[in-house]
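An overview of the molecular structure
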Amino acid sequence: MDRLLRGKRIIVTGAAQGIGAALAGGFCEMGARVVLADCADPEPEAERIRAAGGEAVAVRMDVTSLSDCERTVEVAEKAFGGLDGLVNNAALFSALPLEMLDEIDPDLWDRVMAVNVKGPWLCTRAAVPALERAGGGSIVMIATNRIFHGFPRMLHYDASKGAVLAMTRSLIRELGPKNIRVNTIAPGLTMSEGVLARKGIAERAASVAAGRSLARDQQPEDLVGPCAYFLSDHANFVTGQSLAVDGGGVIH
Ligand SMILES: NC(=O)c1ccc[n+]([C@@H]2O[C@H](COP(=O)([O-])OP(=O)(O)OC[C@H]3O[C@@H](n4cnc5c(N)ncnc54)[C@H](O)[C@@H]3O)[C@@H](O)[C@H]2O)c1
């Protein structure tokens, strides 16, 4: 398990903090070389990984810009000589207000769609030629278990993550011939920094944990192994799948 990702060259978006930072650090411990991409400064996380003996490069970028996505892929190819994997993790999530359908600002709806749907599309679009040059690769989309459960007060977010799942399923039909796999991870409520900063999170987390088969809080590190599996050669014949990682909250 330790060297599951030996030699893999992976871009993780949204890696300046939270789940993305945990994924980047965990992948490096498994032998990967990682580009941490984020609109916030990912350099401190990259530095933390390098200090622990890993190989990591930071890129400040916006996933809604095709040229930024292309520049990120160029950095990966220049730094590591190629690209084997992409994790589309960046999203608007933890800072979103909880609002009913008639309270959501239409401009915020558009912004959520731009970052959470257009972003993974543009990153994927930019990465595909590099993955093809490497002989194939693996893309992991990060959705949410909310899309299988149904929850109130985040309609924009849930719609955007439903689109991510739909994209996964259609993308495999286009990318299979290039030997590029695409799978989705659907996390449950996870105690990232952004989530921990939310008001009333302790009560919400306790009620979510009580509904799980494994009744505890979910940590960003809980997502490392499942994502790494999809990125690894052990999943070479696995594509178009979605995996809920939420301690047995939803079964789909
Ligand atoms: N934490 C949870 O409870 C939870 C549950 C299910 C799914 N998820 C998903 O997991 C992922 C990470 O969650 P998190 O809690 O760490 O989120 P977060 O909101 O704490 O972090 C998201 C990261 O994405 C970055 N980002 C935002 N917009 C960007 C842009 N335009 N370009 C580049 N980077 C951008 C942010 O700077 C931040 O570092 C998200 O896709 C989220 O939807 C989270």
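First, a word on scope: everything that follows refers to the structure included in this document. For every chain, the first residue of its written sequence is number 1, and the numbers climb from 1 along that sequence. Totals for whole chains, interfaces and linings use all residues, but because this is a predicted model, local features are given only for residues with pLDDT of at least 70 and pairs of side-chain atoms are given and counted only at 80 or more. For the side-chain quantities, the full set of heavy atoms in the structure was used; hydrogens and water were omitted.

**Brief notes about the packing of helix α1 (residues 18–29) against helix α9 (residues 224–231)**
Working note: a packed helix pair is described by the angle between its axes plus the distance between those axes. Formally: Axes here refer to lines fitted to C-alpha atoms; in helices the fit is confined to the stretch in contact. Angles between the N-to-C directions go from 0 to 180 degrees. A run of H or I in DSSP becomes a helix once it reaches four residues, and a run of E becomes a strand once it reaches two; helices and strands are each numbered from the N terminus. In what follows, roughly perpendicular refers to angles from 65 to 115 degrees, roughly parallel to angles under 35, roughly antiparallel to angles over 145, and oblique to any angle outside these ranges. The sense of a crossing depends on the near helix, which, turned anticlockwise from the far helix by less than a right angle, makes the crossing left-handed and, turned clockwise, makes it right-handed. The contact rule is simple, with two residues in contact once any of their heavy atoms fall within 4.5 Å.
Orientation of α1 relative to α9, taken along the N-to-C sense of each, is 60°, at an axis distance of 10 Å. Our classification of the angle between α1 and α9 gives oblique. In the crossing of α1 with α9, the sense of the turn from one axis to the other is right-handed. Here α1 contributes A22, L23, G26 and F27 to the contact with α9, which in turn contributes V224, C227, A228 and L231.

**Some words on the sheet that holds strand β4 (residues 85–88)**
The following threshold applies: The pairing criterion is simple: DSSP has to find at least two bridges between the two strands.
If you walk across this open sheet you meet the seven strands as β3-β2-β1-β4-β5-β6-β7, and the pairing is parallel. Whereas interior strands pair on both sides, the edge strands pair on one side only; in this sheet they are β3 (55–60) and β7 (242–245). Each adjacent strand pair in this sheet contributes to an overall mean axis angle of 20°, direction not counted. Both strand β1 (residues 9–13) and β4 contribute to a ladder of three bridges, which runs parallel.

**Some details on the site of the ligand**
How we decide: For this description, a residue counts as near a given molecule or strand if any of its non-hydrogen atoms is within 4 Å of it. Pairs of N or O atoms are called polar contacts if they sit within 3.5 Å, as long as, within protein, a hydrogen donor faces a hydrogen acceptor (for residues adjacent in sequence, only side-chain-to-side-chain pairs). Accessibility throughout is a Shrake-Rupley quantity obtained with a 1.4 Å probe, and a residue counts as covered only by protein chains that appear here.
Near the ligand you find 27 residues, and of these Q17, D38, Y157, T190 and S192 are the closest. Taking Y157, its side chain carries an N or O atom lying 2.6 Å from an oxygen atom of the ligand. Between the ligand and the protein, one listed contact pairs an oxygen atom with a side-chain N or O atom of S192 at 2.6 Å. The fraction of the free accessible surface of the ligand (830 Å²) that becomes covered by protein chains is 95%.

**As for the pairing of strand β5 (residues 137–142)**
Consecutive side chains along a regular strand alternate between the two faces of the sheet. Worth spelling out the cut-off: Here the term buried applies to any residue with accessible area under 20% of the maximum for its type, exposed to any over 50%, and partly exposed to those in between, with areas from a 1.4 Å probe on protein chains only. By convention, orient the strands away from the viewer: a clockwise path from the first strand over the helix to the second makes the crossover right-handed.
Counted residue by residue, β5 has six buried out of six residues, so it is predominantly covered. Burial of the side chains of β5 extends over both faces: G137, I139 and M141 are buried on one face and S138, V140 and I142 on the other. Bridge count for β4 against β5 is four bridges, and the pairing is parallel. Its bridge partner being in β5, V87 is matched across the sheet by V140. Read from β4 through helix α4 (residues 106–133) to β5, the crossover connection turns out right-handed.

**Brief notes about the nonpolar core**
Our working definition: Remark: nonpolar core denotes a set of buried residues (Ala, Val, Leu, Ile, Met, Phe, Trp, Tyr, Cys) joined through side-chain atoms within 4.5 Å.
Residues I11, M61, V73, L83, I139, L175 and V182 are the most contacted members of the largest nonpolar core, which totals 32 residues. At the level of elements, β2 (33–38), α3 (66–80), α4, β5, α6 (155–175) and β6 (180–187) are the ones that each hand at least two residues to this core. The greatest single-element share of this core, amounting to nine residues, is contributed by α4. Setting aside residues no more than four positions away along its own chain, I11 makes contact with V35, A37, T72, V73, A76, L83, G85, L86 and V87. One finds V12, L36, I142 and C227 within the second-largest nonpolar core, a separate group that totals 27 residues.

**Topic: the pattern of salt bridges**
Oppositely charged side chains can form a pair if their charged atoms are brought close together. What counts, and what does not: Throughout this description, the term salt bridge denotes a Lys or Arg side-chain nitrogen within 4 Å of a carboxyl oxygen of Asp or Glu.
Per the stated rule, a full pass over the model turns up 10 salt bridges. We note a salt bridge from R50 to E47, for which the minimum N-O separation is 3.0 Å. One end of the pair, R50, and the other, E47, are both in helix α2 (residues 43–51), three residues apart, so they sit about a helical turn from each other. Using a relative accessible area of 31% as the deciding quantity, one classes R50 as partly exposed.

**Notes on the packing of aromatic side chains**
The line we're drawing: Two aromatic rings, drawn from Phe, Tyr or Trp (for Trp, its six-membered ring), form a pair once their centres lie within 6.5 Å of each other, and the interplanar angle then sorts them: stacked below 30 degrees, edge-to-face above 60, tilted otherwise.
Counted by the stated rule, this structure contains two aromatic pairs. Relative to Y157, the ring of F93 lies with its centre 4.7 Å away and its plane at 35°, an arrangement referred to as tilted. With F93 in the loop between β4 and α4 and Y157 in helix α6, the pair connects residues that are 64 residues apart, well separated along the chain. Look at F93 and you get partly exposed, because its relative accessible area is 27%. Plain terms: the ring middles of Y229 and F230 are 5.5 Å apart, the flat faces sit at 45° to each other, and that makes the pair tilted.

Everything listed here is a matter of geometry and, on its own, says nothing about what the molecule does.
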